Amino acid sequence: QVQLVESGGGLVQAGGSLRLSCVASGGISNFYRLAWFRQAPGRQRDLVASIMSSRLTDYSDSVKGRFTISRDNARGALYLQMNSLKPEDTAVYYCAVQTGPFDSFKYWGQGTQVTVSS
C-alpha cells in the first residue's frame, strides 16, 4: 500500500505562485508515472500534469507554460510549481501514482486546496 501526502496549498492572489509537494511512503523511483490532478467544485477531476519514470513530462493546455512538474526520487517526492496563477486554477489538487503502463492511477493523496483570488 502506498500512502501519498500532499502539502503546499493555500490562498494566493492572481499572478502569484505556489509549490505543491507530494511525499510517497516507500519512495517513488519504481513508479511508471506520477501525476497531479485537480477538481473544482461541480466539475470532474482533470489531469493537470504528469511525469514518467524517464522524466518525460506532459501538461494540460490550460497550464502549459505556467506549471512545472518534477520528481525527486531520492526524497520520494513529487512537486508542482505553479506560476502566474489564475482564479480558474482554484481547485483541490491531488497527486496520483500509476504503477505500471497497463495500470490505472491506483494510489491517490488526500488533496490540497488551492484558492486563487482575483
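Let me sum up the structure you'll find in this document. All figures in this text were calculated on a predicted structure; none of them were measured in a lab.

With that out of the way, let us pick up the sheet that holds strand β3 (residues 18-24). Reading across from one edge, β1-β3-β8-β7 is the order of the four strands in this open sheet, with antiparallel pairing throughout. This sheet does not close on itself; its edge strands, each paired only once, are β1 (4-7) and β7 (67-72). Averaged over all adjacent pairs, the angle separating strand axes in this sheet is 15°, with direction ignored. Across six bridges, the pairing between β7 and strand β8 (residues 77-82) is antiparallel. By the bridge assignment, Arg71 is partnered in β8 with Leu78.

Quick look at the packing of aromatic side chains now. Given two aromatic rings, one states the distance between the centres and the angle between the planes to describe the pair. In this structure the tally under the stated criterion is three aromatic pairs. Aromatic pair Phe37 and Phe105: ring centres 5.1 Å apart, planes at 80°, arrangement edge-to-face. Taken together, the residues span a long stretch of sequence, with Phe37 in strand β4 (residues 33-39) and Phe105 in strand β10 (residues 105-108) at a distance of 68 residues. Just as Phe37 is buried, Phe105 falls in that class too. A ring pair is formed by Phe37 and Trp108, whose centres lie 4.7 Å apart and whose planes are at 55°; its orientation type is tilted. Pair noted here: Phe37 is in strand β4 and Trp108 is in strand β10, with a separation of 71 residues, a long-range link. An aromatic cluster is present here, built from Phe37, Phe105 and Trp108 joined pairwise through their rings. The ring of Tyr79 carries Arg19 above its face, with NZ or CZ at 4.0 Å from the centroid.

Analysis parameters
Residues numbered from 1 in each chain as written. Predicted model: local features only at pLDDT ≥ 70, side-chain atom pairs only at ≥ 80, totals over all residues. Heavy atoms only, no water. Pairing = 2+ DSSP bridges. Helix = DSSP H or I, 4+ residues; strand = E, 2+ residues; numbered from the N terminus. Axes fitted to C-alpha atoms, helices over the stretch in contact; angles between N-to-C directions. Phe/Tyr/Trp six-rings, centres within 6.5 Å; stacked < 30°, edge-to-face > 60°. Buried < 20%, exposed > 50% of the residue type's maximum accessible area, 1.4 Å probe, protein only. Lys NZ or Arg CZ within 6 Å of the ring centre and 35° of its normal.

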